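# Report on the structure
Below, each chain spelled out in residue letters.
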Amino acid sequence: MEVFTILVSGLVATSVMTLFSYVVSNFKSKQFREPELLNSLISRAVIISLKPSRNHFLGWLIHYLIGWFFVLIFSLIWEFTQFSATIISGAVLGLAAGIIGIFGWKIMFKLNQNPPEIDFSQFYLQLIIAHILFGISAAMVYSLI
């Protein structure tokens with residue numbers, strides 16, 4: 001398991017996922033942009049003194065760090081189980097990551113005293129699809145490097 005492979009796979013997979021979320025957000029005229037939502041949650045949090053703008057690098061950094069963490073977990077699965085980095089395993093792991101992601105977002109929205117008002121059902125649906133694309137992208141890049 002190489003750090004370079006994880007970094008590149010995570011960078012590409014998170015970028016593909018984020019691009020999908022931005023496209024869907026623009027197409028539906030809804031707020032599904034994860035880095036912006038992270039910044040919004042941070043700036044609205046009572047216990048955090050940081051007030052990042054919508055496009056501040058902090059939301060992007062957190063988003064990519066989470067992506068790299070998921071790819072690290074995927075790589076452990078691909079390296080130490082009978083599963084290899086394939087489109088199918090990537091889609092299944094992406095689906096699992098999407099379900100975990102939904103629980104994470106639900107917790108963050110619940111803990112925030114003033115969460116952004118978004119269309120939660122559509123956000124969570126696009127989040128599942130975005131994570132499946134994330135997993136497929138991670139597997140494809142991981143298997144190529």
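It should be noted that the structure appears before, not after, this text.
Everything numeric in this text was worked out from a predicted model, so none of it was measured.

## Regarding the side chain of S21
Counting through the fold element by element, S21 comes out in helix α1 (residues 3–28). Since its relative accessible area comes to 0%, S21 is described here as buried. Each residue touching S21, except ones within four places of it in the same chain, is listed here: F32, E34, Q126 and A130.

## As for the pattern of salt bridges
Pairing is possible between side chains of opposite charge, provided their charged atoms come close. Within this structure, the stated rule accounts for three salt bridges. Linking K30 and D119 is a salt bridge whose minimum nitrogen-to-oxygen distance equals 3.1 Å. Taken together, the residues span a long stretch of sequence, with K30 in the loop between α1 and α2 (34–44) and D119 in the loop between α4 (87–111) and α5 (120–144) at a distance of 89 residues. The residue R33 makes a salt bridge to E36 at a minimum N-O spacing of 4.0 Å. In terms of burial, R33 and E36 fall into one category: buried.

## Concerning the packing of aromatic side chains
If you walk through the whole model with that rule in mind, you get 15 aromatic pairs. Above the face of the Y22 ring, R33 is positioned so that its terminal group lies 5.5 Å from the ring centre.

## Overview of the packing of α2 against α4
Where α2 meets α4, the axes come as close as 11 Å, and the angle between the chain directions of the two elements is 30°. Classed by the angle they form, the pair α2 and α4 counts as roughly parallel. Crossing of α2 over α4 shows left-handed handedness. On the side of α2, the interface is formed by E34, L37, L38 and L41, while α4 contributes W105, M108 and F109. Partitioning the contact of α2 with α4 into residue classes produces six nonpolar, no polar and one charged.

Cut-offs and rules
Residues numbered from 1 in each chain as written. Predicted model: local features only at pLDDT ≥ 70, side-chain atom pairs only at ≥ 80, totals over all residues. Heavy atoms only, no water. Helix = DSSP H or I, 4+ residues; strand = E, 2+ residues; numbered from the N terminus. Buried < 20%, exposed > 50% of the residue type's maximum accessible area, 1.4 Å probe, protein only. Contact = heavy atoms within 4.5 Å. Salt bridge = Lys/Arg side-chain N within 4 Å of Asp/Glu carboxyl O. Phe/Tyr/Trp six-rings, centres within 6.5 Å; stacked < 30°, edge-to-face > 60°. Lys NZ or Arg CZ within 6 Å of the ring centre and 35° of its normal. Axes fitted to C-alpha atoms, helices over the stretch in contact; angles between N-to-C directions. Parallel < 35°, antiparallel > 145°, perpendicular 65-115°, else oblique. Left-handed = near helix turned anticlockwise from the far one by under 90°. Nonpolar A, V, L, I, M, F, W, Y, C, P; charged D, E, K, R; others polar.

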